[in-house]
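Each chain, written out:
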Amino acid sequence: GAGVSQSPSNKVTEKGKDVELRCDPISGHTALYWYRQSLGQGLEFLIYFQGNSAPDKSGLPSDRFSAERTGGSVSTLTIQRTQQEDSAVYLCASSLRETYEQYFGPGTRLTVT
Amino acid sequence: GNSVTQMEGPVTLSEEAFLTINCTYTATGYPSLFWYVQYPGEGLQLLLKATKADDKGSNKGFEATYRKETTSFHLEKGSVQVSDSAVYFCALTPRGGSSNTGKLIFGQGTTLQVKP
């Protein structure tokens, strides 16, 4: 079946602009995670959604970052007033439920100029 | 807090050599442990996992044993192939209390290059 998809695959934006990154999880997966992969920080957890529960936002690096998950499916990660240090690959993963195997999408490479 | 430390790379081996990539962790409670692999141009994939002490995870000839006494989860393979060239990430999922979200905490990654 279809895996986790993310769009766009690449995004170049100017410093100060807002960006939206999209994640389509595997159908039926109730848990959804966002991670960031950057040269300086490695792979970092950002945010977690599980069903209708309040999301775990403990990994978001600043209040410029936010995410939502509509209808328990598609998720959007929004970065406001982008900075150069936001340049990274943003990965989305989904799993049947928490603690089950996570399946990763191909990522969105964000470059802030 | 929870953290994962793995040996720095790159690791360069000849085909059929023995591979060890060291991984140690710090965690409260009893985490689940994972190795993920990222092949060139591909996404992260789960390679193997272990959920409790003394468990051995294995897949594609790779093995790792959950050692609680040494807080380690070293990755080994007896005979590497060129196709094993990739970046390998050790990771844990905290468990217990409010930590049962399944979020992964990753090590820095180790690049393996296997030469023919």
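The structure presented is a predicted model; accordingly, all values stated were derived computationally and were not measured. (Residues numbered from 1 in each chain as written. Chains lettered and ligands numbered in written order. Predicted model: local features only at pLDDT ≥ 70, side-chain atom pairs only at ≥ 80, totals over all residues. Heavy atoms only, no water.)

Caption draft 1: Highlighting the overall build of chain A. Along its length, chain A carries zero helices and ten strands. When the helices and strands of chain A are read in sequence order from the N terminus, they spell out β-β-β-β-β-β-β-β-β-β. Counting only C-alpha atoms, chain A reaches 35 × 30 × 25 Å along its principal axes. By residue count, 49% of the 113 residues in chain A fall in the buried class. Partitioning the intrachain contacts of chain A with sequence separation of at least 6 by distance along the chain shows that 55% fall at a separation of at least 24. Here chain A has roughly 5,600 Å² of accessible surface; of this, 44% comes from carbon and sulfur atoms. Here chain A contributes 11 positive and 12 negative side-chain charges, whose respective centroids are spaced 3 Å apart. (Helix = DSSP H or I, 4+ residues; strand = E, 2+ residues; numbered from the N terminus. Buried < 20%, exposed > 50% of the residue type's maximum accessible area, 1.4 Å probe, protein only. Contact = heavy atoms within 4.5 Å. Areas by Shrake-Rupley, 256 points an atom, 1.4 Å probe, with all protein chains shown as cover. Lys, Arg positive; Asp, Glu negative; His and termini not counted. Charge placed at Lys NZ, Arg CZ, Asp CG, Glu CD.)

Caption draft 2: Region of interest: the nonpolar core. Grouped together as the largest cluster of nonpolar side chains are 27 residues, with contacts concentrated most on L19, W35, L47, L48, F73, L75 and Y88 of chain B. For this core, the elements supplying multiple residues, two or more each, are β2 (11-14), β3 (19-21), β4 (23-26), β5 (32-38), β6 (44-50), β8 (62-65), β10 (86-93) and β12 (110-115) of chain B. Counting residues per element, this core draws most heavily on β10 of chain B, at four residues. What Y88 of chain B contacts, discounting residues up to four positions off in sequence, is Q6, I21, W35, Y36, V37, L47, F62, L75, G109, T110 and L112 of chain B. Counting residues in hydrophobic clusters, the runner-up holds 20 residues, among them C23, W34, I47 and L77 of chain A. (Core = buried A, V, L, I, M, F, W, Y, C linked by side-chain atoms within 4.5 Å.)

From the geometry alone we can't say anything about function, so treat these as descriptive.
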